[in-house]
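Below, each chain spelled out in residue letters.
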Amino acid sequence: MKPELIVIGGSAGAFDAILSILNHLDKSINVPIVIVLHRLKNTNSSFEDILQRNTHYSVKEIEDKEKIEKGFIYTAPADYHLLLEEDLCFSLDVSETVNFSRPSIDVTFESFSNILKEKCCGILLSGSNHDGANGLKIIAQNNGTTIIQDCDEAEFAIMPKAAKNICNQHQELNTTNIINTLNNEFC
């Protein structure tokens, strides 16, 4: 079954990979893309502006109770966990950090997978902690599509290695092959 949503998670070293992926996606891909990137709280960021300059999609930071729409790239706001509700609206949560992170990639992957099941595609990129590994395993267990960045390519391989160590079902791809896979899968 073709996934209906792509969730990309990353931390240290993931920003350039995200830009490359978004800049090279085929214009005919119309599924929503959600990005959960560890970033500092209480600082103004030009993250969405930079993403907007590198993609043909409309980019916006998620607002609580916002309904998911096709053709958008959504970013998780700093210092909020991002969840998905049954009516396909986003939910923001300020509960305790998970893996020292808020937003936690694990929390988002698990929440989205529990709602979307096999219609969820999770991608875990570079990072310097284990956040995202358990959530990506849940996506795989729900028969969703799971991809980790090639550990030799990732600037900080701790995150993709953690995912690889707890589940051997993920595709391990370099950035070019992630782009090719998405363009083939969603066009």
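As shown above, the structure is provided for reference.
A quick note: this is a predicted structure, and the numbers were derived from the prediction, not measured. (Residues numbered from 1 in each chain as written. Predicted model: local features only at pLDDT ≥ 70, side-chain atom pairs only at ≥ 80, totals over all residues. Heavy atoms only, no water.)

Another point: the pairing of strand β6 (residues 90-93). The sheet contact formed by strand β5 (residues 81-84) and β6 spans 4 bridges and is antiparallel. Counted as the bridge partner of Leu84 is Phe90 from β6. In this antiparallel pair of consecutive strands, β5 and β6, the connection spans 5 residues, and Leu88 shows a positive phi of 65 degrees. (Pairing = 2+ DSSP bridges. Helix = DSSP H or I, 4+ residues; strand = E, 2+ residues; numbered from the N terminus.)

So, on to the packing of helix α4 (residues 133-141) against helix α5 (residues 158-166). Packing of α4 against α5 leaves a shortest axis separation of 8 Å and a crossing angle of 45 degrees. Here α4 lies oblique to α5, going by the angle between them. Here α4 and α5 pass one another in a crossing that is right-handed. The residues of α5 that touch α4, namely those facing Ala133, Asn134, Leu136 and Lys137, are Ala162, Ala163 and Ile166. Among the residues forming the contact of α4 with α5, the class breakdown is 5 nonpolar, 1 polar and 1 charged. (Axes fitted to C-alpha atoms, helices over the stretch in contact; angles between N-to-C directions. Parallel < 35°, antiparallel > 145°, perpendicular 65-115°, else oblique. Left-handed = near helix turned anticlockwise from the far one by under 90°. Contact = heavy atoms within 4.5 Å. Nonpolar A, V, L, I, M, F, W, Y, C, P; charged D, E, K, R; others polar.)

Interhelical geometry of helix α3 (residues 105-116) versus α4 gives an angle of 15 degrees and a closest axis separation of 7 Å. In this view, α3 runs roughly parallel relative to α4, as classed from their interaxial angle. Helix-helix and strand crossings are classified by hand; for α3 and α4 the assignment is left-handed. Here α3 contributes Asp106, Phe109, Glu110, Ser113 and Asn114 to the contact with α4, which in turn contributes Ala133, Asn134, Gly135, Leu136, Ile138 and Ile139. For the contact of α3 with α4, the residue count by class is 5 nonpolar, 4 polar and 2 charged.

Let us look at the pattern of salt bridges. Evaluation of the coordinates by the stated rule reveals 8 salt bridges. Residue Glu66 is joined to Lys60 by a salt bridge in which the shortest nitrogen-to-oxygen separation is 2.6 Å. Its relative accessible area of 22% is what places Lys60 among the partly exposed residues. One connected set of salt bridges, linked through shared partners, spans Arg39, Glu48 and Glu61. (Salt bridge = Lys/Arg side-chain N within 4 Å of Asp/Glu carboxyl O. Buried < 20%, exposed > 50% of the residue type's maximum accessible area, 1.4 Å probe, protein only.)

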